[in-house]
Amino acid sequence: MKRGFKITGLIIGSLLVLIIAAGLVIPVIFKDRIRDKVENQINSMVNSRVAFSGYKLSLFRAFPNVAFTLKDLTVTGIDIFEGDTLAAVKSFSLVFNLMSLFGDGGYEIKSVTVNDLLVNAIVREDGVANWDIMKETPDQVEDTTAIKQPSSMQVALNKFIISDGRVYYTDRQSGMTASIGDLDFNLSGNMAGSETELDFDLTAGNTDFEMNRIPWLTNATIGFRAGIDAMLDSMKFTLRDNVFKINDIALSFSGTAAMPDDDIDLDMIFSAPETSFKSLLSLIPAFYMKGYEDLNASGTMTLDGVIKGIYSSADSTLPDVALNLKVSDGLISYPALPEKITDINIAGTVQTDGRDMDKTVAEVSSFHFMLAGNPFDMNLTMATPISDPA
């Protein structure tokens, strides 16, 4: 019996020594080979300049997988985007299935972690986007009778993380700009199957959005947490329990988003079931609220709508949006005002045409409030906001 325990102990000890030795030797012996594979894989997939200052290989961090980290990774445009930085990353970490690096079945990626991300997305006046850098693969040629070869990169992700990101978007064709700072993103779930459940968590601050020189959001905070039923083969996603926050407004969505090709097909409804009138005021850009930081507001608000249609960066098409807003029993007070604004009641709708934003119609059918005992009432209809506001 003692001899059996001794043999077992020797076997376990030997295995531990082998594991430790592998952790020390494999990263040294195969480091250049793994780097070459990663460099070749990246350069074979994109039409851009990809560079990084260094890399780190670790077996212990993700054993029995291997962790590979690129440091100071940059993606720079070529040709018409010469000199423009599409993306820059302080560190970009991949966790691979170790054995897949040395076989013929492709490289199996388990997780991706991106730290200190910068993205600078640009659409030119002619509609060409700087992120359209993927090279055509052999199975994208016109000969549809050819047998497609399996991809050399197999994604079996369980987690995708972005921390401390910044995103800038400039669409010169449609006159749209946006920026997001303090971006943190976490996507988890089994992404290897054709059907799966995903957990989505995103937070961002310092968010700006401007269209046709009109600022719609300034220094806003955004958050989105959702459970998603994903059909990865057809790239169709159905939302489960979720909450989307813009400043103090919390929205819930239901519906689907599909991405069969480059476009995004949206079919969703949304509502703000628990929202106050003060939450609506939080959407007013900070620029217009200077000097009114002590403003107080109360009352109830309902907000709901529909988003339906195609988003396409190729022709700057946006989905159609229908929005309904109602404010009841609102009140605004401000220390510098001798009287409160009371009995605020508002009813309004907005309809946008994603193919032609000039067809947007905004209507305020009722706008009422009381000030110092005096009633104020008005209604408003705005059409052709781009070519001829009326």
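S.K.: Which residues make up the overall build of the chain, and what are the values?
M.R.: Helices and strands together make up the secondary structure of the chain, namely three helices and 18 strands. Taken across its 390 residues, the chain has 35% of its residues classed as buried. Counting only contacts in the chain whose residues sit at least 6 apart along the sequence, the fraction spanning at least 24 positions is 52%. For the chain, the accessible surface area stands at approximately 23100 Å², while carbon and sulfur atoms represent 58% of it.

S.K.: Explain the environment of glycine 77 to me, and be specific about the residues and the numbers.
M.R.: Inspection of the secondary structure puts glycine 77 in the loop between strand S3 (66-76) and strand S4 (85-96). For the pair formed by glycine 77 and serine 48, sequence separation is 29 residues and the distance between their alpha carbons is 5.1 Å. Beyond its immediate sequence surroundings of up to four residues, glycine 77 is in contact with Arg49, Glu82, Gly83 and Asp84.

S.K.: Describe in detail the pairing of strand S7 (residues 176-189), supporting the description with residues and values.
M.R.: It is a general feature of regular strands that their side chains alternate between the two faces of the sheet. Looking at chain direction, S7 and strand S8 (residues 195-211) are connected through eleven bridges and run antiparallel. Residue pairing across strands places aspartate 184 opposite threonine 203, the latter belonging to S8. Here S7 folds back onto S8 in antiparallel fashion, the turn holding five residues.

S.K.: Tell me about the pattern of salt bridges, and name the residues and values.
M.R.: On inspection of all chains with the given rule, the structure shows nine salt bridges. The partner of aspartate 116 in a salt bridge is arginine 166, and the shortest N-O contact between them spans 3.8 Å. Of the two residues, aspartate 116 is situated in strand S5 (residues 107-123) and arginine 166 in strand S6 (residues 153-171); the sequence distance between them amounts to 50 residues. Its relative accessible area of 35% is what places arginine 166 among the partly exposed residues. Across the salt bridge formed by aspartate 229 and arginine 240, the nearest N and O atoms sit 2.9 Å from each other. Separated by eleven residues along the polypeptide, aspartate 229 in strand S9 (residues 214-231) and arginine 240 in strand S10 (residues 236-246) bring together distant segments of the chain. With relative accessibility at 30%, the residue aspartate 229 sits in the partly exposed group. Overlapping salt bridges, with partners in common, bring together Asp320, Asp353 and Arg355 in one network.

The rules behind the values
- Residues numbered from 1 in each chain as written.
- Predicted model: local features only at pLDDT ≥ 70, side-chain atom pairs only at ≥ 80, totals over all residues.
- Heavy atoms only, no water.
- Helix = DSSP H or I, 4+ residues; strand = E, 2+ residues; numbered from the N terminus.
- Buried < 20%, exposed > 50% of the residue type's maximum accessible area, 1.4 Å probe, protein only.
- Contact = heavy atoms within 4.5 Å.
- Areas by Shrake-Rupley, 256 points an atom, 1.4 Å probe, with all protein chains shown as cover.
- Pairing = 2+ DSSP bridges.
- Salt bridge = Lys/Arg side-chain N within 4 Å of Asp/Glu carboxyl O.

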